[in-house]
Amino acid sequence: MTGLEHESFPPPGIDLSHPSVARVYDYYLGGTAHWEIDRQFAGRMLRDYPMVRPIARANRRFLHRAVRHLVRAGIRQIVDLGSGLPTMGHAHEIAEQIAPGEVRVAYVDSEPVAVAHSTSLLRETGDPARQVALHADLRDPRRLWSLLAGSGVIDLDRPIALLLVCVLHIRQPPAPGSGSTADLGPSLTAEYRDLLAPGSYLALSHVTHEGVPPHCEQLLADAKERYAEAGTDLIYRSRREIAGLFGDFALLEPGITWTPLWHPEAGGPDDQTFPPEKANEALLLAGVARKEPRH
C-alpha cells in the first residue's frame, strides 16, 4: 500500500490525467507518494530499463553529498528548487547531521503533492522556525524570491545554497499566451544566479547525452519519447551547455562530473551505486559553484 492509496479522490490541483514527474521520481526512489497512473508509467520504465532506479538514487545521493559539503563549508541556508517529494532524505535531514539546529531550509515545488508531503514531513520532524515548504512556479523567479523573503525562514541578503538538482532537463513551458517555444532553462538559471547574495552556491545535476555508454543511448531516446507522450518534454544538454548554466560562478573541485564522482568521500558505503569506471552510466552530470564577492 502506498501513502496515497487511502485517498479515493485527489486533493484540489492534482492532475491525474498524466503521470507526474515528481511522483514518478518518488516511485523510482522507493517512496510512497504516487497514484496508479504514476506507478504504471514508472513500472514500464523500470521493466524495460532497470538501471533507471540506480540512476535516480545516484542523483539523490549527490544532493546529500553536496549538502554535507556546503554545510561543512559554512552554509547555513538552503533553498531546494523543484525539491520533489520527501524520499531518501530531504536536505534539512542531511544538514541536521552536520550542524544540528543551525541550518535554515526552504523547499519549493510546483507539484501540490510534493509541497503537501514536505509540509507534513516538516510538521513531524522539522522546526517551523527554520524550515518551510512553498508552492511556487520556477518560471517566476521574482515572485518565488518574494515568497522566500516573506517566509521568515530565509534571509536573502545572506549566502544561500541554491539546489537545482534533476530539474533543468525538464523543459519549462513558456507562460500561457506567450507563444514562445524557447528553452527557458539558461535564462531562468541566470536570473536565479543574479538574485543570489555573494558567497552563495549553486548546485545542480542534469541529464546529458554526451559521453554516455552505447548501451544507454536507447534508454535516453526512449525516455524522451515516453515522457513527451506523457506530457513532459526532456532536454539533454552537453557538458559545455551544462557548464554554461553556472555562468561566471567559480566551480568547486572536481568541476562538472558524473553524479557518483562528485566528492564520493562525503557519502557513505551505500553511495557506491556505480563503480568509478562505470560512472557515466549514471547519465547525469553534476557540479557546485560559488558566487564570488565583487570587488
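Located above this text is the structure these notes cover.
Residues numbered from 1 in each chain as written. Predicted model: local features only at pLDDT ≥ 70, side-chain atom pairs only at ≥ 80, totals over all residues. Heavy atoms only, no water.

Student: Would you mind going over the overall build of the protein chain in detail, with residue names and values included?
Tutor: Scanning the protein chain from terminus to terminus reveals nine helices and eight strands. Per-residue burial for the protein chain yields a buried fraction of 54% across its 295 residues. Accessible surface computed for the protein chain: about 13,100 Å², of which carbon and sulfur atoms make up 52%. (Helix = DSSP H or I, 4+ residues; strand = E, 2+ residues; numbered from the N terminus. Buried < 20%, exposed > 50% of the residue type's maximum accessible area, 1.4 Å probe, protein only. Areas by Shrake-Rupley, 256 points an atom, 1.4 Å probe, with all protein chains shown as cover.)

Student: Account for the packing of aromatic side chains, naming residues and giving values.
Tutor: Note on aromatic pairs: each is described by the distance of the centres and the angle between the planes. Taken as a whole and assessed by the stated rule, the structure comprises three aromatic pairs. Taking the centre distance of 4.8 Å and the plane angle of 80° together, the rings of F41 and Y227 count as edge-to-face. With F41 in helix 2 (residues 36–48) and Y227 in helix 8 (residues 214–229), the pair connects residues that are 186 residues apart, well separated along the chain. Each member of the pair, F41 together with Y227, is buried. (Phe/Tyr/Trp six-rings, centres within 6.5 Å; stacked < 30°, edge-to-face > 60°.)

Student: Kindly report on the pattern of salt bridges, identifying the contributing residues and their values.
Tutor: For the coordinates displayed, the defined rule picks out twelve salt bridges. Note that R23 and D38 form a salt bridge whose closest N and O atoms lie 2.6 Å from each other. Of the two residues, R23 is situated in helix 1 (residues 21–28) and D38 in helix 2; the sequence distance between them amounts to 15 residues. Assigned by exposure class, R23 and D38 land together as buried. Between E292 and R290 there is a salt bridge whose closest N-O contact spans 2.6 Å. Among the charged side chains, a salt-bridge network with shared partners connects R47, D48, D222 and R226. (Salt bridge = Lys/Arg side-chain N within 4 Å of Asp/Glu carboxyl O.)

Student: Outline helix 7 (residues 185–195), supporting the account with residue identities and numerical values.
Tutor: For helix 7, the complete set of buried residues consists of G185, L188, T189, Y192, R193 and L195. Axial view of helix 7: buried residues confined to an arc of 160°, hence all on one face. Its buried side turned inward, helix 7 meets strand 1 (77–81), helix 6 (141–150), strand 4 (161–165), strand 5 (201–207) and helix 9 (239–244). (Arc of directions from axis to C-beta. Contact = heavy atoms within 4.5 Å.)

Student: Describe the pairing of strand 4, and please don't skip the residues or the numbers.
Tutor: Counting buried residues in strand 4 gives five out of five residues, a clear majority hidden from the surface. Here strand 4 shows no split at all, with A161, L163 and V165 on one side and L162 and L164 on the other all buried. Pairing analysis gives five bridges linking strand 4 to strand 5, with the strands arranged parallel. Each bridged residue has a counterpart across the sheet, and for L163 the counterpart in strand 5 is A203. (Pairing = 2+ DSSP bridges.)

Student: Requested: an account of the packing of helix 3 (residues 52–72) against helix 4 (residues 91–98), with residues and values cited.
Tutor: Contact pair helix 3 / helix 4: the axes reach a minimum separation of 9 Å and the direction vectors enclose 40°. Put simply, helix 3 runs oblique to helix 4. As helix 3 runs across helix 4, the sense of the crossing is right-handed. Contacts between helix 3 and helix 4 involve H64, V67, R68, V71 and R72 on the former and, on the latter, A91, I94, A95, Q97 and I98. (Axes fitted to C-alpha atoms, helices over the stretch in contact; angles between N-to-C directions. Parallel < 35°, antiparallel > 145°, perpendicular 65-115°, else oblique. Left-handed = near helix turned anticlockwise from the far one by under 90°.)

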